Structures are given as structure tokens and as C-alpha cells.
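Here's the letter readout for the chains.
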Amino acid sequence: MRLVLLGLAALLAAGCTGPRLDPPELVGVFGESGSAPGQFLQPMGVAIAPDGTVLVADTGNHRIQAFDARGAPLWSFGRQGEGPGEFRRPMDVDVDATGQIYVADFGGDRVQVFRPPGELVRTLESDTTPAGPIDGAAGVLAAPGGDVYVADFYGHRVLRFAGNGASVSQIGVPGRLFAGRLHYPTDLAWLEGRLVVGDAYNHRLQLFSPEGDALTRWGGALGWGLRGSFPGWFRVATGVATDPSRRVYVADFQNHRIQVFDAEGRLLAIFGSQGSGPGELERPTDLDVGPDGRIYVVDFGNDRIQVFAALRGT
């Protein structure tokens, strides 16, 4: 019995090493509940364009809004519907190096691609997917090299497309516990030639090769899919982003916080706590890092974006 208890204690301690960097300072807040320009209804995704424009998936208002770095509204596009350029709960947004905007149209089971400020270019639809239809496009990543990856929420997998919209492959299969198994994935990021998947309801991150080989798992006890509130553990890992310093940022949804790791999965920083005050978070869903290192966090439950200073240190 003693050996069993010691083993359980070691398992629970896995991933609990404390953060090494101080939490970043809050430097800005924008948005409030509503449907007017600059207001949000259940926002879920954010991306920073190469020119610094902040793009927000204003999910409940079925639109994408663009802001300058200070949070002033610039333009928006989209409305509720199923036609070209319309959305049914857009959950995520990404921007490629040329400025094209990729929108994960969750209820529409597709990704729509636009030129700013909202000119439709093409659509990645379910009938172009030999692996089967997209079933809830929760996250999208325009990867270096031109491929597009889609987090297929209800399909429990990631779909890889060529830049022209042709389906290439499926990454991951439905499941729990083991490497390569996904359970309601929600977001994607790129880290030194590796695909980082927010394996949300397995409460972990999984890293894959671009072709789909499972490489490693982060979060909790050895990445086995156990949820928790210890440092390095997650309770629904909904959003993921990376920066040029090889850091990985995670929106830890039900823990109401952001956790930051280095490229090997070692915990660097934790910030945020539940609430509605400055710097407090209510179920953060996504985040991105701007060219200046500032961290833009989607504060879903408070209908706003909070901006934090760049992390200091390595």
C-alpha cells in the first residue's frame, strides 16, 4: 500500500514545477458586451496580423472585427448565415504572412479565407475532405509553407489542407489517454516545424510532425489526459499560441488563467485568476502574441480582450 501511495504522489506531482518568470503586467483592455462596433458577444478567437492589426472572432455576433494595437475599431465583416462570407459562430481566426484571413466557421463546418477587409477568396468545405466532412471547425492554422490545419472538434482530429484548399491528410484519431488520440481539439499553433494541438478535453497539448506523427504530450500527469489546477496542469486547454522566443502560451479555460512553457514543455509563467477586474479572467478561450511581444487574451466570459506586456526573461 505504501508503494502505491508513493507512486500516486509522484504521478500527481508530475508537471508541478513552479513558474520561473514573473507574470506580465496588464497594459490594455478593450471591448464590452454588445453588438455595436468594438463590442463583443462571446468572443472566442484572436490573431495578430503581420502589420499589427488585431483580429477577433466575435462568435456570438457572427462576425470578425479588426482593431488597431490600442483597441480602436477599424473594420468588420460577416453576418449570421450559411452563404458565402456569412458565419454560424466563427470560433477562430488566423492570418498568414501575406495578410490573408482564415476563419474557422464552426456552425458552417468550413473554413473561409478572405483578403482584408473581408473579400472572400476561397472556402475549405466538407465535400473537399476525402477523410470525411468537417464536423465543427473549431480552430485554424495557416502554417509556414502554405498548408492549412483545421481542428475538427466533433471529429476528434485535425485535418490538413494544401493552400489551394485540396485535402491532404488527417492527423490524430478519436480517443483518450494515449498519444495521437484527440478529444474535442480546439486550437493549433506552429513550433519549430512541429504542430501544437490544443487537445482541449484531454486537458493537454499534443505535438505532431507536419505529416501527423505523434511526438510528445504536455500537461498534467505525463500528458495522460487528467485535468487539474496544479502548475502545468489544465482544465480544458482551449487556446494555444507561440512566439519567436520558442515559448508556448495556453489558455487554460476552466482554471481562468494563462500558462506559458518553453519549447521543451517546462513551465515558465502563470498569470490570471477568476474575476472581472483588470487582469482577471473568466474562461479565457484563445490568445496570440503581437510583433512587440504583447499578449492578447480573449476574456470570453467578460466579453473583452485583455492585453499583457511581453514576458521578460527566457
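See above for the structure.
Read on for a plain summary of the structure. (Residues numbered from 1 in each chain as written. Predicted model: local features only at pLDDT ≥ 70, side-chain atom pairs only at ≥ 80, totals over all residues. Heavy atoms only, no water.)

1. Topic: the pattern of salt bridges
Part 1: Overall, the coordinates contain 20 salt bridges when judged by the stated rule.
Part 2: When the shortest N-O distance is used, the salt bridge between E192 and R194 registers 3.4 Å.
Part 3: Salt bridges sharing common partners tie together R20, E192, R194, R246, D262, E264 and R266. (Salt bridge = Lys/Arg side-chain N within 4 Å of Asp/Glu carboxyl O.)

2. Description of the nonpolar core
Part 1: Within the largest apolar cluster, 16 residues are counted, with the highest numbers of intra-cluster contacts made by I258, V260, L287, I295 and V297.
Part 2: If you list the elements that add at least two residues to this core, you get strand 21 (248-252), strand 22 (257-261), strand 23 (267-271), strand 24 (286-289) and strand 25 (295-299).
Part 3: Sorting elements by how many residues they give to this core places strand 23 first, with three residues.
Part 4: Aside from chain neighbours lying at most four places away, what touches I295 is P24, Y249, F271, L287, D288, Q306, V307, F308, A309 and L311. (Core = buried A, V, L, I, M, F, W, Y, C linked by side-chain atoms within 4.5 Å. Buried < 20%, exposed > 50% of the residue type's maximum accessible area, 1.4 Å probe, protein only. Helix = DSSP H or I, 4+ residues; strand = E, 2+ residues; numbered from the N terminus. Contact = heavy atoms within 4.5 Å.)

3. Re the sheet that holds strand 16 (residues 187-191)
Part 1: Read across the open sheet, the four strands follow the order 16-17-18-19; overall the sheet is antiparallel. Each edge of the sheet is formed by a strand with only one pairing partner; in this case those strands are strand 16 and strand 19 (214-218). Across the sheet, the axes of successive neighbouring strands diverge by a mean angle of 25 degrees, strand direction being ignored.
Part 2: Across five bridges, strand 17 (residues 194-199) lies against strand 18 (residues 204-208) in antiparallel orientation. Following the sheet pairing, D199 is matched in strand 18 by R204. (Pairing = 2+ DSSP bridges. Axes fitted to C-alpha atoms, helices over the stretch in contact; angles between N-to-C directions.)

4. What to know about the environment of I295
Part 1: Counting through the fold element by element, I295 comes out in strand 25.
Part 2: C-alpha of I295 to C-alpha of R110: the two residues are 185 residues apart in sequence and 28 Å apart in space.

5. Topic: the sheet that holds strand 24
Part 1: In spatial order, the strands read 1-26-25-24; together these four strands make up an open sheet with antiparallel pairing. Among the strands making up the open sheet, the edge pair consists of strand 1 (26-30) and strand 24. Averaged over all neighbouring strand pairs, the angle between strand axes comes to 20 degrees, with direction disregarded.

6. A short note on the environment of W218
Part 1: Structurally, W218 can be placed in strand 19.
Part 2: Residues W218 and E264, 46 residues apart in the sequence, show an inter-C-alpha distance of 9.1 Å.
Part 3: With near-sequence residues (within four places) excluded, W218 lies in contact with L191, R204, L205, L207, G223, F234, V248, F261, D262, A263, E264 and G265.

7. Things to note about a nonpolar patch on the surface
Part 1: Judged by side-chain polarity, L177, F178, L222, W224 and L226 come together as a nonpolar surface patch covering roughly 480 Å² of accessible area.
Part 2: Position of F178 relative to the elements: it lies in the loop between strand 14 (173-174) and strand 15 (181-182). (Patch = residues over 30% accessible without salt bridge, like charges linked within 9 Å, V, L, I, M, F, W, Y side chains within 5 Å. Areas by Shrake-Rupley, 256 points an atom, 1.4 Å probe, with all protein chains shown as cover.)

Just geometry here; none of it tells us what the structure is for.
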